[in-house]
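Below are the chains, spelled out letter by letter.
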Amino acid sequence: MPLSVEKLQKNLRGGDVAAVCKFFEGATEPERRSVALTVVHWCKLLALNWRGGYNKKAAAEVKKLGPIGNWYELMPAAHAAALASASLAEIKALERRGFVPSEAAVAILADRRPPWIDDYAELLCEGELRRFGGNWKQTRALVRAGLCRPPKHENYVLEALNCIWPRYEQGKEPPKLGDLLLKERDWLESDFWRLFEVDGNGEVSLANCEKYRKSKDTWTDALAELSRRAVLPRDRLLDASLEALSRDFIQFRAGWFSRFHEALVPTSAERAERIDVYLRLLASGIPPTVAFAANAVSIVEQIKPLAAAKLIGALQPALTAKGKAVAKGALQLLEGAAQREPNSKQAICIAAIPALLNEAPEVQKAVFEFLDRHGDKQDPVLRSKLQELEGAVAASLKPRLASWLGTPPDQAKGRAVTGEMDLPRKPLSRIDPARAVPSITNLDDLIHVAGAVLEEPANPTEIERVLDGISRLCDQRPEDFERRTGPLRKRALKTRDNPGADGSYKPALEHGLAMLFLAWIKGANEFTERPEGLADGQNQYAFLLHRLMAISRRVQVRSAMPLLSAPTHLGGWIEPCVLVERWQEWQKSGLEMDRHDQVLALLRLSPEGREQALELAKDLSGEAGQAFQFALGHEHSTGTNAALWLAAWRSREQQGDLPEFETKHPHLGPDAGVGAQYSWKAWSERREFVGHAWTHLQFELTTQPRFPKQVDDALLPVLFHGPWQTSEEGKKNMIRWAAQLWPANREAIFAFACQRLEISVDYADAMDREFCAYVEPLAEPHTELRPMACLALALCLAAQDSALRGHGVDGLIAAIAEGRLDVNELGGAMARLLDTGINKFARWAKSLSEVARVSSTHVRAVAELLTRTLYGDPTKAPRDISAFLELLFELLSEIGGKLDDQRARDYIAGLPASGRTARLSRQILALSSPIKPELLLDGR
Amino acid sequence: MERRAHLGKIETLRFLRALPRSTMAKTAYWIIPAGNGLRLSQREGEHGLRVAGIERLRLLADLALLADGLSVFADSRGDASEWQLHFGPLNFHLTLTAEVWRGFSGEGQVLADLAAKERDRLLNLVQGLLKWQSEIRPAEFVGNWDASLESMRRAFSALGSRGLVGYDLSRGAYFHRELPFNLALVEEIHPRLKNARKLVENASVRILQRTDEIIEAEVLGTDVTHRVRLSEAGDRCTCPWHAKHQGSRGPCKHILAVQIVTEPELALE
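Residues numbered from 1 in each chain as written. Chains lettered and ligands numbered in written order. Predicted model: local features only at pLDDT ≥ 70, side-chain atom pairs only at ≥ 80, totals over all residues. Heavy atoms only, no water.

### Examining the interface of chain A and chain B
The condition is simple: By definition in these notes, contact holds between two residues if any of their heavy atoms fall within 4.5 Å. Joining two parts hides part of their accessible area as seen by a 1.4 Å probe, and the buried area is that hidden amount summed over both. Between Lys or Arg on one side and Asp or Glu on the other, a salt bridge is scored when a side-chain nitrogen of the former is within 4 Å of a carboxyl oxygen of the latter. Contacts described as polar in this section are N or O atom pairs within 3.5 Å, which, within protein, must combine one atom able to donate a hydrogen with one able to accept it, while residues neighboring in sequence count only if both atoms come from side chains. Where helices and strands are cited, they refer to DSSP runs of H or I of at least four residues and of E of at least two residues respectively, numbered from the N terminus.
The partner chain B presents 39 residues to the 45 residues of chain A that form the contact. Note on chain A versus chain B: buried area summed over both sides is about 3400 Å², and carbon and sulfur give 52% of it. Summed over the shared surface of chain A and chain B, the result is 5 salt bridges. Taking the shortest distance from any N to any O, the salt bridge between B:Arg39 and A:Asp810 comes out at 2.8 Å. Run the count over chain A and chain B and you get 14 residue pairs in polar contact (both at pLDDT 80 or more). Elements that contribute at least two residues to the side of chain A that touches chain B include exactly α28 (443-455), α30 (481-484), α31 (486-497), α44 (768-775) and α46 (802-817) of chain A.

Written out as structure tokens, the structure reads:
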């Protein structure tokens, strides 16, 4: 008898799974198939209602069709019906197919017996492995009922880790994991072992379970207990855990297997049986696995010592490992062999020597101590091997090396840098011809460069070239102008009208450039938005956009004139004589200059060449001309145009107060008549979340005077302190361009950067890619490292993200090479940050050691910087202060100096007197040689 | 590619061990000389070599323990690079593409070579002479078949794209080896080459000016006309693809189409 569609629909709309099962009971396959379309349609409708909750298109469709409010409750019955009537392909196409309760699935498939049950079970295992969710229970029910074979998919074992637990019931004690496993006996005896073969993922693995489940009933304990009860074979567990460690699992997940192995408490005999596996694990790339294996080997050695030859072969990878503990552990194993087999001492010493490749001085020291105990200083083979690795030996250990090579300590090789230049080297003049920016001279070149800039405005110099080119060539309108600029116009329209990848923000720079290009090409006003709106506040970005608007007003009417503010040299600088020429051309034309253009031009004036330019500027007229002359060095009283005169004043005096200006134009904001004053504090805060605790850097920076509510949109030095009510996402290019607005004073930019870099110390984030633009100027040759620059540099050097930290390293290297580093300023900032006690600042040791590698000048500068950093309170020192001390000790050893600075000596003497810190403190304080001139590396 | 650096054992290990374990997507580094070794930088320097996906180099770290030293080669733009570890007479070569997601299909640099018709004749002739030689230099074959060095070079480029020869940077010579892929399809399926040929077939290319120094042409695009210029100073086009890549990924389809039309060796039937 055919199945009744009306009855089916009634059951589906009622959401009654039992009724659905009964409906299909005993039906033939053709009968089932006859209603499949109805069922599938219903399932898709429910899925649409689900998607309508988060997808606008789906929501619109649901509204048209009429929503089904209780779609979630109806899903189980719908999918049960699909299981009872649809083909496998149809089931596969449905979303959320695992909704069927396990008992219903078993009943339906036991009744239907389709030929594809095995494939259906595999299908249930597919999909992303998640901590919450998964169809394991349904799959297990099918397997237990004998309806299908166990799926081969690895999720069949991994999902068990979380899905084996029953649904949580408040107030009810959950069953023991061991008991749950015993209920899955068939799974336990076969598929369970695959848990030692599959890695899992970031959410689901044995390691994740133990760490994040927060239950005392762990898989480790449960399996160990089942082993004790002989349910799981002990030998197999021991072997499987070792095999897992040989697989390519990541360190976090591999760790579970070594801990589990130890939790089984292997006897010495059991370990001895597995010695070959432990020896192979010594070559693991995972340091904790190597440490685990070394520990096991040392236990075996106590009952069954290994032949030196066997040990040497197995220990080679560990001896040359990067990790300190691994290398030292390997040396300890060799120690035993050397004592047992004196005849093999030479071979053992030769095996130990490659451990000198480990950069840690304490490992290298352990090697020399080993050699001193077991080696023969007259052995030419050993000496030759040591000579090969001479360059790797730390400075503080050169004397020990020298005692082996038979050379006096003074002659031990230092940082012999090939082709090292004399440092510091004075940077080129800002207006050196080598740094000149060539102008665009023809329309073809302009179209070409404009196209490139619109695609990727990453180079501010190129952007400025294009603006200047458009400004001067906008009157060039050959017959085929429209055709030649067609592609650029099309692209500019798309850029202007495209709101951005996710619709959440408009990329202001690209938007602004597109509008300018369209104004030039079409000869019409294309600026449709307020600059402050596009720039999310009154700030330097709004100034940039005002400037673009001003240029566009002029180019629309094809008024070709030089752009006053176009840089003549890299870094945003303008050669003064060239600006005078431009200004004169404007004056002669009778056209009104744009004040944004004037202000920017004055702030970009290079300090070099002003005297000559003043000579040429005698005929400049009007208040603007006087302001320009004042900027060049001529004396005038401050005029009425605040924006212009502020630019002129700040072109002469980048920092500090301007009393005369403040009298004439009071209370305009920071860096107007009153220089911006920055004060900051940093401290650590302990935070906890879901059982995890960590220390967080808290940072606060204030600027005085405060930014006023309204600011003239051309008052650029003040605008740098203005609000920016958005994130940096996608705005790296604009940040980079704005850094060239006032190249003589970037303190406001660096101050803003410090507030953003606070989070970069704590964790790496995608936004670090944008933050890089704030700190790129640190490496520019004319950036002064004043207090905010130094603070930004200090934070950058401690950033978690390697690329962001790299900017700090580049900046410091360049500053030292060019003589721009003020050790007191940077060291002072670092000392204050060090006093927060936050251990993340120990990253400075790594950053500074990279800087020190560059040259002997950098070695000395970093040693001075480290010394200055140790001016704070030793009781607040971070846990890993020893990393600093170790670097300082090595650098002082390298330059043959001692620590003369009394404040630093007092700091070191005041550090906690235990462990590595105490040892290094003693070593530093005991350094007795003053710097010998003949030992200075650049004197060799 | 030319050699940019050579390091001894210790500096090699130091450099490779200092590489970051993981980086954010699309992060690039510049590798520059520092002291006796190399260091990572975030600044594009004069002697810098750009490497994206730098974690790919970590492959060399374990091998470096046994190596005598490292040589680094890069092309003039410093995009793709080759890293050679030396083990006595043996070398281990690791070649990196400019970006993690980019392949090696000549990256467009050999597309013009693939377009040449004349090279088919030479290609068949040269292919007949391949006998697993470890060093082959195109100049050796110039006298054989009345072919120019440039033609011979193009033929070898095409053989390289087909996976039939490799190039050893340290020896400066090709060698015969056959990859187990049907790379002859590259020429058939490479989208830019296909599209360029289509533009030529559809008569979308119009030469505006042609001198010994420059060729200027217009190529019809979608709703717009692109302007192409070929010159010694560099080729350029007004299309967005060229504007974005500036030739670093080889010629765009418009430049390629103009090359096909204007260069005798590249002319189609």
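### Observations regarding the sheet that holds strand β3 (residues 37-41) of chain B
Put simply, the test is: Strand pairing is assigned whenever DSSP identifies at least 2 bridges connecting the two strands. With axes taken as lines fitted to C-alpha atoms, and helix axes fitted only over the stretch in contact, angles between N-to-C directions fall between 0 and 180 degrees.
Pairing in this open sheet of 3 strands is antiparallel, and the strands run β3-β2-β4 (chain B) from one edge to the other. Edge positions in the open sheet fall to β3 and β4 (49-52) of chain B, since each of these has one partner strand only. Taking the axes of each pair of neighbouring strands and ignoring which way they run, one obtains an average angle of 35 degrees across the sheet. Strands β2 (28-34) and β3 of chain B of the sheet are contacted by α46(A), whose axis makes an angle of about 115 degrees with β3(B).

### Things to note about the environment of A:Gln902
Along the polypeptide, A:Gln902 turns up in helix α51 (residues 902-909). Residues A:Gln902 and A:Tyr871, spaced 31 residues apart in sequence, show a C-alpha to C-alpha distance of 9.5 Å.

### Brief notes about the domain arrangement of chain B
Size of an interface, as often reported, equals the accessible area lost when the parts are brought together. The test is simple: Annotation comment: domain bounds sourced from an automatic or database domain assignment.
Domain assignment breaks chain B into domain 1 (2-96), domain 2 (111-185) and domain 3 (191-262). Of note, the centres of domain 1 of chain B and domain 3 of chain B, computed from C-alpha atoms alone, are 36 Å apart.

### Topic: the packing of aromatic side chains
Residues and elements named next belong to chain A. To keep it simple, the criterion reads: Classification of ring pairs uses Phe, Tyr and Trp, with its six-membered ring standing for Trp, and accepts pairs whose centres are within 6.5 Å; under 30 degrees between planes counts as stacked, over 60 as edge-to-face, and the remaining range as tilted. Throughout, exposure labels follow a simple rule: accessible area from a 1.4 Å probe, protein chains only, divided by the maximum for the residue type, with under 20% read as buried, over 50% as exposed, and the rest as partly exposed. Whether a charge sits over a ring comes down to the Lys NZ or Arg CZ being within 6 Å of the ring centre and within 35 degrees of the ring normal.
For the coordinates displayed, the defined rule picks out 31 aromatic pairs over all chains. Note on Phe196 and Trp256: the rings are 6.4 Å apart at their centroids and 55 degrees apart in plane angle, and the pair reads as tilted. Of this pair, Phe196 sits in the loop between α14 (185-189) and α15 (206-212) while Trp256 sits in helix α18 (residues 251-263), and the two are 60 residues apart along the sequence. What makes Trp256 buried here is its relative accessible area of 0%. Ring centres of Phe249 and Phe257 lie 5.6 Å apart, and the angle between their planes is 35 degrees; this geometry places the pair in the tilted category. No difference in accessibility class separates Phe249 from Phe257, as the two residues are buried. Among the aromatic residues, ring-to-ring pairing joins Trp136, Trp187, Phe192, Trp193, Phe196, Phe249, Trp256, Phe257 and Phe260 into one connected group. A cation sits over an aromatic face here: Lys681 above Trp683, 5.5 Å from the ring centre. Sitting over the face of the ring of Trp680, Arg832 holds its NZ or CZ atom 3.7 Å from the ring centroid.

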